[in-house]
Amino acid sequence: MRSIDLNITYEHYANIEELSETDKNLCEMAEKALESSYSPYSKFRVGTAIQLESGETFLGSNQENVAYPSGLCAERVALFSIGVMHPDGVIESMAITAQTNAFEITKPITSCGACLQVMAEFEMKQNRPIQVLFYCLNGEVLKVNGIKSLLPFVFVEDRLVASL
Ligand code: THU
């Protein structure tokens, strides 16, 4: 037996003023996307904005349902609509933020495992890392370059991967 250490790297910003103009705009768009969140059950709004290489941006927000598991996270709402609208689009970066009146969110919220798995599939498909910005409305931002840093043990089985 041997134990193996994995290292992940992420960037930490104290506030969005430290970001590039492009990243700051994307965080602000994610904040704007919170307005469309349909979250009457959790009362936890999540918003995302995705920047394509073409310059186009897509928004997403969490969409809940009275049959709880039928709802979908903000990230997958946006990613799947890109899959429909721009099946060959290349994603450069995405920003994610959250808001609730129920308590104070003091740290950037990070995406759930299912959303990370979907992000990883888009990354595989485009063969290029996706930058992810997790933005807390207090200003703090975490940034990673590539989903591997977030999901090092991503599920992938080469014999199941679609030949594109
Ligand atoms: N949610 C997201 O939109 N993204 C995530 O990565 C995690 C959770 C949503 C799902 C649900 O509507 C609410 O947040 C509370 O879990």
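Nothing here was measured: the structure is a model prediction, and the numbers come from that model. (Residues numbered from 1 in each chain as written. Predicted model: local features only at pLDDT ≥ 70, side-chain atom pairs only at ≥ 80, totals over all residues. Heavy atoms only, no water.)

Colleague: Sorry if this is basic, but what is going on with the UniProt feature "domain: CMP/dCMP-type deaminase" (unreviewed entry) in the chain here?
Modeller: Per the UniProt annotation, the sites labelled "domain: CMP/dCMP-type deaminase" (unreviewed entry) are residues 21–158. Annotated as 28% helix and 25% strand, the span residues 21–158 places its first and last C-alpha atoms 38 Å apart. (UniProt positions renumbered as here; feature names shortened; annotations may be inferred. Helix = DSSP H or I, 4+ residues; strand = E, 2+ residues; numbered from the N terminus.)

Colleague: So what exactly am I meant to see when it comes to the packing of helix α2 (residues 74–85) against helix α3 (residues 113–126) here?
Modeller: Relative placement of two packed helices is described by the angle separating their axes and the distance separating the axes. One way to put it is that α2 packs onto α3 with a least axis distance of 9 Å and a crossing angle of 25°. One element, α2, and the other, α3, form an angle in the roughly parallel class. You can see that α2 and α3 cross each other, and the crossing is left-handed. The residues of α3 that touch α2, namely those facing Glu75, Arg76, Leu79, Phe80, Ile82 and Gly83, are Ala114, Cys115, Val118, Met119 and Phe122. When grouped by side-chain class, the residues that make up the contact of α2 with α3 number 8 nonpolar, 1 polar and 2 charged. (Axes fitted to C-alpha atoms, helices over the stretch in contact; angles between N-to-C directions. Parallel < 35°, antiparallel > 145°, perpendicular 65-115°, else oblique. Left-handed = near helix turned anticlockwise from the far one by under 90°. Contact = heavy atoms within 4.5 Å. Nonpolar A, V, L, I, M, F, W, Y, C, P; charged D, E, K, R; others polar.)

Colleague: Please explain the nonpolar core as it appears in this structure.
Modeller: By size, the foremost hydrophobic cluster in this structure holds 27 residues, and its most contacted members are Ile50, Leu79, Ile91, Met94, Met119 and Val132. Elements represented by at least two residues in this core include exactly β2 (44–52), α2, β4 (91–100), α3, β5 (131–135) and β6 (141–145). With 6 residues, the single largest contributor to this core is α3. The residues contacting Met119, other than those within four sequence positions of it, are Glu75, Leu79, Met94, Ile96, Ser111, Ile130, Val132 and Ile147. Listed in part, the 11 residues of the second largest apolar core include Leu19, Cys27, Tyr135 and Val141. (Core = buried A, V, L, I, M, F, W, Y, C linked by side-chain atoms within 4.5 Å. Buried < 20%, exposed > 50% of the residue type's maximum accessible area, 1.4 Å probe, protein only.)

Colleague: How do you make sense of unusual backbone geometry when you look at a structure like this?
Modeller: Keep in mind that most residues, glycine aside, have a negative phi and that most peptide bonds are trans. Residue Lys43 is not a glycine yet carries a positive backbone phi of 55°. Inspection of the secondary structure assignment puts Lys43 in the loop between α1 (21–33) and β2.

Colleague: Would you mind showing me how to read the site of the ligand here?
Modeller: Every residue lining the ligand is accounted for by Ser42, Phe44, Val46, Asn62, Glu64, Cys73, Ala74, Glu75, Ser111 and Cys112. At 2.9 Å, a side-chain N or O of Asn62 approaches an oxygen atom of the ligand. Protein chains shield 76% of the accessible area of the ligand, which is 370 Å² for the free molecule. Those elements giving two or more residues to the shell around the ligand turn out to be β2 and α2. Residue composition of the shell around the ligand, grouped by class: 5 nonpolar, 3 polar and 2 charged. (Near = heavy atom within 4 Å. Polar contact = N/O pair within 3.5 Å; in protein donor to acceptor, adjacent residues only side chain to side chain. Areas by Shrake-Rupley, 256 points an atom, 1.4 Å probe, with all protein chains shown as cover.)

Colleague: Is there a simple way to explain the packing of aromatic side chains in this structure?
Modeller: In this description, a pair of aromatic rings is defined by centroid distance and the angle of the planes. Overall, the coordinates contain 2 aromatic pairs when judged by the stated rule. Between Tyr41 and Tyr68 the ring centres are 5.4 Å apart and the planes differ by 45°, which places this aromatic pair in the tilted class. Residue Tyr41 is located in the loop between α1 and β2, and its partner Tyr68 is located in the loop between β3 (57–61) and α2; the two are separated by 27 residues in the primary sequence. Taking relative accessible area as the criterion, Tyr41 reaches 36% and is therefore assigned partly exposed. Ring centres of Phe44 and Phe103 lie 6.2 Å apart, and the angle between their planes is 25°; this geometry places the pair in the stacked category. (Phe/Tyr/Trp six-rings, centres within 6.5 Å; stacked < 30°, edge-to-face > 60°.)

Colleague: So what exactly am I meant to see when it comes to the pairing of β4 here?
Modeller: Where a strand is regular, its side chains alternate between the two sheet faces. In terms of burial, β4 is a largely internal element, 8 of the 10 residues being buried. Here β2 pairs with β4 via 9 bridges, running antiparallel. Each bridged residue has a counterpart across the sheet, and for Val46 the counterpart in β4 is Ala98. As paired elements, β4 and β5 share 5 bridges and run parallel to each other. Counted as the bridge partner of Thr97 is Tyr135 from β5. Note that the unit made of β4, α3 and β5 has a crossover that is right-handed. (Pairing = 2+ DSSP bridges. Right-handed = clockwise from strand over helix to strand, strands pointing away.)

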